[in-house]
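# Notes for the structure review
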Amino acid sequence: MTFSPARVHAYYRAYYRAYYRAYYRALGLALATLLLVAGLGGGTGCHFQVASDPNDPLHGVRNFAVEPVGFNGLTVGNKPEPTYLAEKKPEQQQSWQIDKAEMARLMVDQLAQRVGAVGITLAPPPPGAPPPFVLRINVVQIEPGNFNGFVNFATQVTMVVDILSPQGQSVGQSPISAQVPATLSNPSSGERLRMAGQQLGDRLGHLLLRRTGLGY
């Protein structure tokens, strides 16, 4: 059996029409799924809502005390902090201490901003009231990073958060990390450490919101 050129042309036109119809239908379904998943994120970054556990000791808690941020056992790069500082000039050592203090301050400020919107406070209760849960934060590792315009290394910070009950018992330890790329807009390590502090505060805030059941 032979077909005329016109009939062959009509056959392939119908075939490709059906093919592209199916293709774009699948593409539209994939795009709709992607938008649905993206819509589940909230606030900054990809924070997905997690059902709160009513048996969590932190469920419904609205008052926390924050101990001064510690740097116990801190390593800088791959060196203990004292070894790292011994290689620096006195003015560099002083600048390092200022950068750490500012990073810690901005972390707590960002934490307070994140959880304050739902009524969580970060101050001890009035005298005579039951003691609050306590946030014990220790920064354990810092990679200062480097920017020289050619080979750039991001600044990375890791801290461990231990949450203590009013009786002084740990109700969970969580490592939290932040990473800030070294770019032309933030060439100094001190500037990147401050940005990392804000990231850490935001992530700790989301952790508290999830565990208390007051947000995500």
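Residues numbered from 1 in each chain as written. Predicted model: local features only at pLDDT ≥ 70, side-chain atom pairs only at ≥ 80, totals over all residues. Heavy atoms only, no water.

Looking now at the overall build of the chain. Broken down by element type, the chain carries four helices and eight strands. Its helices and strands in sequence order give the chain the pattern α-β-β-β-β-β-α-α-β-β-β-α, from N to C terminus. By the burial criterion, 31% of the 216 residues in the chain qualify as buried. Pairs at least 24 residues apart make up 66% of the contacts formed inside the chain by residues separated by at least 6 positions. About 13,100 Å² of surface is accessible on the chain, with carbon and sulfur atoms providing 59% of the total. (Helix = DSSP H or I, 4+ residues; strand = E, 2+ residues; numbered from the N terminus. Buried < 20%, exposed > 50% of the residue type's maximum accessible area, 1.4 Å probe, protein only. Contact = heavy atoms within 4.5 Å. Areas by Shrake-Rupley, 256 points an atom, 1.4 Å probe, with all protein chains shown as cover.)

What follows concerns the pairing of strand β7 (residues 155-164). Of all 10 residues making up β7, seven are buried, and the element is well covered by its neighbours. Note that strand β6 (residues 133-143) and β7 share nine bridges and pair antiparallel. Directly across from L135, in β7, lies its bridge partner I163. Bridge analysis of β7 against strand β8 (residues 170-180) gives nine bridges, and the strand direction is antiparallel. By the bridge assignment, M159 is partnered in β8 with I176. Connecting β7 to the next strand, β8, in antiparallel fashion are five residues, including G168 with a positive phi near 85°. (Pairing = 2+ DSSP bridges.)

If you walk through the whole model with that rule in mind, you get two aromatic pairs. On the numbers, 5.2 Å between centres and 55° between planes, the contact of Y84 with W96 is tilted. On the criterion of sequence distance, the pair formed by Y84 in helix α2 (residues 81-86) and W96 in helix α3 (residues 90-116) is long-range, its members being 12 residues apart. The aromatic ring of F71 is capped on one face by K100, whose charged end is 4.5 Å from the ring centroid. (Phe/Tyr/Trp six-rings, centres within 6.5 Å; stacked < 30°, edge-to-face > 60°. Lys NZ or Arg CZ within 6 Å of the ring centre and 35° of its normal.)

The biggest cluster of nonpolar side chains holds 36 residues, and the ones touching the most others in it are F64, V139, M159, I163 and L204. Elements supplying a minimum of two residues to this core: α2, α3, β6, β7, β8 and α4 (189-212). The leading source of residues in this core is α4, at seven residues. Not counting chain neighbours up to four residues away, the residues in contact with F64 comprise L58, I120, T121, L122, A123, P132, F133, L135, I163, L208 and T212. (Core = buried A, V, L, I, M, F, W, Y, C linked by side-chain atoms within 4.5 Å.)

All right, on to the packing of α3 against α4 then. It is the contact of α3 with α4, at a shortest axis distance of 7 Å, that shows an interaxial angle of 30°. With respect to each other, α3 and α4 are oriented roughly parallel. Crossing hand, α3 versus α4: right-handed. (Axes fitted to C-alpha atoms, helices over the stretch in contact; angles between N-to-C directions. Parallel < 35°, antiparallel > 145°, perpendicular 65-115°, else oblique. Left-handed = near helix turned anticlockwise from the far one by under 90°.)

A word on α3. In this model α3 runs 39 Å from its N-terminal to its C-terminal C-alpha over 27 residues, within 8% of the 39 Å that 1.5 Å per residue would give. Buried residues of α3: W96, D99, K100, M103, A104, L106, M107, Q110, L111 and V115, and no others. Tucked into the core, α3 has its buried residues touching β4 (75-76), α2, β6, β7 and α4. (Expected span 1.5 Å × (residues − 1).)

A cluster of nonpolar side chains, namely F150, V151 and F153, defines an oily patch on the protein surface of about 390 Å² accessible area. One can find F153 in the loop between β6 and β7. Residue F153 is classed as partly exposed on the basis of its relative accessible area, which comes to 49%. (Patch = residues over 30% accessible without salt bridge, like charges linked within 9 Å, V, L, I, M, F, W, Y side chains within 5 Å. Salt bridge = Lys/Arg side-chain N within 4 Å of Asp/Glu carboxyl O.)

Our next topic: the pattern of salt bridges. Within the structure shown, the criterion is met by eight salt bridges. For D109, the salt bridge is made with R105, and the minimal N-O distance between the two is 3.0 Å. Taken together, the residues D109 and R105, both in helix α3 and four residues apart, mark about one turn of the helix. Residue D109 is classed as partly exposed on the basis of its relative accessible area of 39%. One salt-bridge network, in which partners are shared between bridges, spans E102, R105 and D109.

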